[in-house]
Amino acid sequence: MKKLAVALTFVASPALAAEGPFFSLHNAEFVVTISFIAFLALLVYLRVPGKLMAMLDKRAAGIKADLDEARALREEAQTVLASYERKQKEVQVQAERIVETAKAEAETAAAKAKDDLKDAIARRLAAADDQIESAKAGAVKEVRDRAIAVAVEAARDVIVRQMTEQTSDKLVQDAIGEVRGKLHLH
């Protein structure tokens, strides 16, 4: 700092341009130079440069601490990011497994539903076949019954028309004989 003050004293071009003797208290440039040197000496005496350096060092230490903290935060953020990326991959894999499981279960359920539908259709077809057979049997029975009723009615009409009293007595006698033969009543 002292070297700087001496260098500034000799470099002061306005002081060299003054009229009259330079080392006189009547010379304004000399007084300003002396005042400036006294000011610099006062600053050195009060240890202002040391305090400035200490403040700058403190500020540099604070900046360094902030940078270190920022680096630590960055590393922590990278660690957290890596952790989240791993978790995301795990969740993605798990989601893919869930989707695959769901697809497999859906395919199984669809196959089971197909089989159940085939079974239900087969049961309904069997029931319909049974109903058709039953309806056929009922229709055949009804046709037979009706045919028998018609035949009996026609036979009665024929017998009534052809029957005389003698034929009637003869038929009764024949029927009685037939019954006796079957009952073994001789």
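Being a predicted model, the structure only gives us computed values, none of them experimental. The numbers attached to residues start from 1 for each chain and follow its sequence in the written order. Since the coordinates come from a predicted model, pLDDT governs what is reported: local features require at least 70, and pairs of side-chain atoms require 80 or more to be given and counted, while whole-chain, interface and lining totals use all residues. The side-chain quantities take in all heavy atoms of the structure and omit both hydrogens and water.

Description of the overall build of the chain
- When helices and strands are counted, the chain shows five helices and zero strands.
- Each helix is a run of H or I in the DSSP string that is no shorter than four residues. Each strand is a run of E no shorter than two, and both are numbered from the N terminus. For the chain, the α and β elements follow one another from N to C terminus as α-α-α-α-α.
- Classification of the 186 residues of the chain by burial places 4% in the buried group.
- Summing over all exposed atoms, the chain offers an accessible surface of approximately 16,600 Å²; the carbon and sulfur share of this is 64%. Under the scheme applied here, a residue whose accessible area is under 20% of the maximum for its type counts as buried, over 50% as exposed, and between as partly exposed, the area being computed with a 1.4 Å probe on protein chains only. For the area figures, the Shrake-Rupley method with a 1.4 Å probe applies, and any residue is considered shielded solely by the protein chains shown.

Digging into unusual backbone geometry
- The residue Arg47 is not glycine, and still its phi comes out positive at about 60 degrees.
- Along the chain, Arg47 turns up in the loop between helix H3 (28-45) and helix H4 (48-162).
- A relative accessible area of 63% places Arg47 in the exposed class.

Some thoughts on the confidence of the model for the chain
- Summarising the model, the chain shows a mean pLDDT of 85, and 88% of its residues fall at 70 or more.
- In predicted models, pLDDT denotes the confidence assigned by the predictor to each residue on a 0 to 100 scale. Mean pLDDT values over the elements of the chain span from 51, in helix H2 (residues 13-16), up to 93, in H3.

Looking at helix H5 (residues 165-183)
- By definition here, a helix of n residues has an expected span of 1.5 Å times n minus one. If you check H5, its first and last C-alpha atoms are 27 Å apart, about what 19 residues at 1.5 Å a residue would give, namely 27 Å.
- Backbone geometry just downstream of H5 places His184 in the positive-phi region, at approximately 65 degrees.

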